[in-house]
Amino acid sequence: MTQQFEVFYNWSKRELNLQLDGYKQKQLQRRITTIMTKSGASNLADYAQKIKQDTQIKQDFLDYITINVTEFYRNELMFLEFTQLLVDKIAPQFSHLKIWSAACSTGAEAYSVAMALKKNHLHTRSTIIGTDLDLTVLKKAREGKYRDVEVKNVPTDELKKYFTHDDYHYYLNQEIKDLVSFKKHDLILDRYEKDCHAIICRNVTIYFNDEVKEAIYSSVSDALVPGGLFFIGATETIYNPQKYGFKKVGSFIYEKIE
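Residues numbered from 1 in each chain as written. Predicted model: local features only at pLDDT ≥ 70, side-chain atom pairs only at ≥ 80, totals over all residues. Heavy atoms only, no water.

A. Structural detail: helix H7 (residues 135–143). All of the buried residues along H7 are Val137, Leu138 and Ala141. An end-on view of H7 places all buried positions within 105° of arc, on one side of the element. Across H7 from its buried face, at more than 90 degrees, point the exposed residues Leu135 and Lys139. (Buried < 20%, exposed > 50% of the residue type's maximum accessible area, 1.4 Å probe, protein only. Helix = DSSP H or I, 4+ residues; strand = E, 2+ residues; numbered from the N terminus. Arc of directions from axis to C-beta.)

B. Examining the side chain of Lys118 more closely. Residue position: Lys118 is located in helix H6 (residues 108–119). Classification of Lys118 as buried rests on a relative accessible area of 16%. A polar contact is formed between the side chain of Lys118 and the side chain of Glu175, at a distance of 2.8 Å. Among all residues touching Lys118, those that are not within four sequence positions of it are His123, Tyr162, Glu175 and Ile176. (Polar contact = N/O pair within 3.5 Å; in protein donor to acceptor, adjacent residues only side chain to side chain. Contact = heavy atoms within 4.5 Å.)

C. Structural context of the sheet that holds strand E8 (residues 224–231). Taking strand neighbours across the sheet as the criterion, the seven strands line up as E6-E2-E1-E7-E8-E10-E9 in an open arrangement whose pairing is mixed. Among the strands making up the open sheet, the edge pair consists of strand E6 (180–184) and strand E9 (246–250). Between one strand and the next, the sheet's axes are offset by a mean angle of 25°, whatever the strand orientation. Most of the contacts of helix H5 (residues 76–90) go to E8, to which it runs at about 165°, and overall it touches strand E1 (97–101), strand E7 (196–200), E8, E9 and strand E10 (253–256). Those strands touched by H7 are strand E2 (126–132) and E6, and its axis lies near 165° from that of E6. (Pairing = 2+ DSSP bridges. Axes fitted to C-alpha atoms, helices over the stretch in contact; angles between N-to-C directions.)

D. Quick peek at helix H1 (residues 3–16). A rise of 1.5 Å per residue sets the reference length of H1, with its 14 residues, at 20 Å; its end C-alpha atoms lie 19 Å apart and thus fit the reference within 8%. Here the buried face of H1 lies against helix H2 (25–39), helix H3 (44–53) and helix H4 (55–65). (Expected span 1.5 Å × (residues − 1).)

Here you go:
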């Protein structure tokens, strides 16, 4: 890492509470250079000043660094496999379910879980939490406004039942929004939820180095109850899952070993 990036990372941690040295460096530094150049800054010291002084530049930086890609029922077959395990295997064992959608972006995944639980009459005995480190996407999640590309996997009957729309957006109704609570959380810096029956954290750890990735897997394992499910993304693989107390029970789904 060059000294300039090291200084910028220290500044980011101090001023923005971002732990950037836990990311894969070549990829991250390429992204920072790109967004820095777009701002008109000629170096990282100049860019830090611009971020500090201009709220839009600050938000552009946060949006670009914390990659937010999401949609309802993402990877449909994988999501169906997860919800079937949740309904058939987890729900019968517990009187109340706690489900955490980590790095939830604009909330589509957390709301997908809410709709799946409602469909299976489990919503009245479930707590669903969505977290992200980006306050802007959390605001959008609470708003529940989505583009057509983000709802393309939602079945037609559910689209009619749970959304209204105009020419530009689909708006999730309050009935589903009330089933999910959102809050800020940093997977690297903050304490994890406890006693979760399922944790969804998909296509996130690919951006982190091995040390941070291992710490996340260990923390997720600690956050799950025995028998709880960990649902990861199609771009991710947990090598040696037993190291973290997991066993594989689906294509991208792991169960915490009792």
